[in-house]
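Examining the three-dimensional arrangement
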Amino acid sequence: MSSEKRNNIQDVILIDDDAASPTLVDAVPLAVAAPPAVILDLENGARRQQTPPLNGSGGDKTEKQDRGKSVQQEVGSSSAAPRKPSPEMAPIEAVPLAVAAPAILPGPQLQLAGKSSNTVVIKGLMQHCVGALLTANYPMANKMLEAISRLVSLDGDAVQRVAFAFAEALGRRTLMPLPGVAWALHLQLPRSPAPALTEAARGSFYKIFPLFQVAATAANHAIAEAVDGERHVHLVDLGGAKTDQWRELLRLLAARPGGPPSAVRLSVVSENEDFLSHSAGILTEEAMRLRVNFVFNPVRSHIDRLSPTHIAAFGVEPGQAVAITATLQLHRLIADVVNIQLPAATAEAQADRKGKGKMPAEQTAGPSTTTRPHAITKADALLRVLRDMSPKVVVLTEQEADHNGAIVWHRIRSAFDYYVALFTDMEAGGASGQAAERVAVERVLLRDEIMDIVAREGAARRERHEAMKRWAPRMAKAGFVPAQVSFEAFVATARMAHQLSGDGKRRLYRAIKENGCFFIYSQMTPILSVSAWQPAKRAGE
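Residues numbered from 1 in each chain as written. Predicted model: local features only at pLDDT ≥ 70, side-chain atom pairs only at ≥ 80, totals over all residues. Heavy atoms only, no water.

Quick look at the overall build of the chain now. When you go through the chain residue by residue, the secondary structure sums to 16 helices and 14 strands. Counting over 541 residues, the chain shows a buried share of 49%. Nonlocal contacts in the chain, meaning residues at least 24 apart in sequence, comprise 79% of its contacts between residues at least 6 apart. In the form shown here, the chain has an accessible surface area of approximately 25900 Å², with 54% of it arising from carbon and sulfur atoms. (Helix = DSSP H or I, 4+ residues; strand = E, 2+ residues; numbered from the N terminus. Buried < 20%, exposed > 50% of the residue type's maximum accessible area, 1.4 Å probe, protein only. Contact = heavy atoms within 4.5 Å. Areas by Shrake-Rupley, 256 points an atom, 1.4 Å probe, with all protein chains shown as cover.)

Here it is in structure tokens:
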């Protein structure tokens, strides 16, 4: 091709999203095969498939397979074991990552037909950027970010706004190996917003994102059923629930066929004095209207800093029916590791279970007097403390997402799709009076979550969202089993989702119940899970 022709045509090579992505692991440089590429001729609008040459054995070098390489997994991260390649697959020749990277030429902002095209292009460029960062190829990472900058906009559609936040986070990640540069630029780089600003944005998020109302409905019905018939009810909120949720629960308890409980105590964990004061006033007034004997108990702390003193401040007493909730909170504790003392035999069984991936046999020996430290996450430790409180139910509301894997690209790809669904839904809500609130939620709250998932590692990475398939084993190890939730509770939750969907043209919400857990969808994307758990019976109970 002549130089004149080359200057007039910009070729952007895209990764086929259905093809197996390279295995990208922190600090582990890998040689990967070049994936099949789709080439967009931006001058002629042509789209053609480019097939890489076959290797010496005649096998396609882009055959889908996982590398059977060992992965150094960060504590608190979760990842599935890699599959071994099929024996019939021909060996893949090592190809430098830069071979499949797009050639970026100077030019105006890229404009492609349709949001789906933009999404494929952006994800392909991000994948190459991550690969370049993990192999310390910073010039290539810079080229990828330069290309992404032509496709994104802070004020564009949902995909462009999400991509802007991810590009910013990838740019910050490039500074991780350069702490001196990061320090020198710290005044110019965006920092986490002030707590008051974050709290205000979180309040707006609950207001303009209706799925939180669906999740609250599921949680309230699970709690009401668990304490049905109980006279002394103690509700413990570990954080995240809003005043409206507790007001609706008070109404459910007051409407019981046998009458309201004799006493309802609500302990709320929060460091926001305005929120605590506001909630206390509204809920006390509502309880008086409903003729419910109600006590509001503020516990001034945060789940990150919850101590035995704070837990004692709940004031749990014998004879109380305790119901505990945590809303988008517990995942923050997965980053922290603590040591607990276990009997030596139990600690060895735990280690054996972790190493072999199977349940140990029941311990038949007598009680051991020897203890040894055992490292677990702070989330697991707190769940064991909650189990010892013998609650009637623990209701866990979490993001139904896998953003805590050890493989960086998988984490980023999953998070990109998740946040596109969130941004799209909030934009679909579209009331003119909510535009400013949507911008605040995106640029203050969700932007910082994206920065955390993409650019932070170790204990600094707090937003370790995990899907229910990973929470279920955690709950089981802590001594919980799924609680039974009635069909009526599911009907109420599904009805709320249907009502909030309106005519279904702009928003479509669904609630699915499986094994006692509610999965709440926006369109076809699962956004939240709400699960109810009760303590498993111990010997002698």
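This part takes up the side chain of Ser522. Tracing the backbone through its elements, the reader meets Ser522 in strand 13 (residues 517–522). The contacts of Ser522, once residues within four sequence positions are left out, are Leu211, Asp425, Leu508, Tyr509 and Ile527.

On to unusual backbone geometry. Positive phi, normally seen in glycine, also occurs at Ala136, with a value near 60 degrees. Along the polypeptide, Ala136 turns up in the loop between helix 2 (115–134) and helix 3 (138–149). What makes Ala136 partly exposed here is its relative accessible area of 47%. Although it is not a glycine, Asn515 sits at a positive phi angle of roughly 55 degrees. A relative accessible area of 68% means that Asn515 is categorised as exposed.

Within the secondary structure, Pro195 sits in helix 6 (residues 195–208). Taking the relative accessible area as the measure of exposure, Pro195 reaches 67% and is therefore exposed. In this structure the C-alpha to C-alpha distance between Pro195 and Asn272, which are 77 residues apart in sequence, comes to 9.3 Å.

Right, let's get into the pattern of salt bridges. For the structure on display, the rule yields 30 salt bridges. Note that Arg150 and Glu146 form a salt bridge whose closest N and O atoms lie 3.5 Å from each other. Among the residues examined, Glu146 registers a relative accessible area of 37% and is labelled partly exposed. One salt bridge in this structure joins Arg507 and Asp425, with 3.2 Å as the shortest N-O distance. Taken together, the residues Arg507 in the loop between helix 16 (487–501) and strand 12 (509–514) and Asp425 in helix 13 (residues 408–429) connect sequence positions 82 residues apart. Judged by its relative accessible area of 12%, Arg507 falls in the buried class. Each of Asp304, Arg332, Asp336, Arg462 and Glu463 takes part in a single network of salt bridges with overlapping partners. (Salt bridge = Lys/Arg side-chain N within 4 Å of Asp/Glu carboxyl O.)

The geometry of helix 4 (residues 158–173) relative to helix 14 (residues 435–455) is characterised by a closest axis approach of 9 Å and an angle of 40 degrees between their N-to-C directions. Our classification of the angle between helix 4 and helix 14 gives oblique. Between helix 4 and helix 14 lies a crossing whose hand is right-handed. For the pair formed by helix 4 and helix 14, the contact residues are Arg161, Ala165, Phe166, Glu168, Ala169, Leu170, Arg172 and Arg173 on the first element and Arg438, Glu442, Arg447, Ile450, Met451, Val454 and Ala455 on the second. Residue composition of the contact of helix 4 with helix 14, grouped by class: eight nonpolar, no polar and seven charged. (Axes fitted to C-alpha atoms, helices over the stretch in contact; angles between N-to-C directions. Parallel < 35°, antiparallel > 145°, perpendicular 65-115°, else oblique. Left-handed = near helix turned anticlockwise from the far one by under 90°. Nonpolar A, V, L, I, M, F, W, Y, C, P; charged D, E, K, R; others polar.)

Before going further, it helps to spend a moment on the pairing of strand 12. Here strand 12 runs beside strand 13; their pairing, made up of six bridges, is antiparallel. Bridge pairing in strand 13 places Glu514 opposite Cys517. Between strand 12 and strand 13, which pair antiparallel one after the other, the connecting turn spans two residues, and Asn515 there sits at a positive phi close to 55 degrees. (Pairing = 2+ DSSP bridges.)

Turning next to the nonpolar core. One finds Phe166 and Tyr419 to be the most contacted residues of the largest nonpolar core, which totals 98 residues. A per-element tally of this core places helix 13 first, with twelve residues. Those residues in contact with Tyr419, other than ones at most four positions away along the chain, are Val162, Phe166, His403, Leu446, Glu449, Ile450, Ile453 and His465. In this structure, Ile324, Leu382, Met475 and Phe519 belong to the second largest nonpolar core, which totals 30 residues. (Core = buried A, V, L, I, M, F, W, Y, C linked by side-chain atoms within 4.5 Å.)

Now for the packing of aromatic side chains. Under the counting rule described, the total for this entry stands at eight aromatic pairs. Centre to centre, the rings of Phe209 and Phe212 are 5.4 Å apart; their planes meet at 75 degrees, and the pair counts as edge-to-face. Among the residues examined, Phe212 registers a relative accessible area of 7% and is labelled buried. Look at Phe487 and Phe490: their rings are 6.1 Å apart centre to centre, the planes differ by 45 degrees, and that puts the pair in the tilted class. Here Phe487 pairs with Phe490, and both are found in helix 16, just three residues apart, close to one helical turn. Through successive ring pairs, a cluster of aromatic residues spans Phe205, Tyr206, Phe209 and Phe212. Looking at Lys242, its charged tip hangs above the ring of Tyr206, at a distance of 4.9 Å from the centre. Over the ring of Tyr521 we find Arg510, and its NZ or CZ is 4.5 Å from the ring centre. (Phe/Tyr/Trp six-rings, centres within 6.5 Å; stacked < 30°, edge-to-face > 60°. Lys NZ or Arg CZ within 6 Å of the ring centre and 35° of its normal.)

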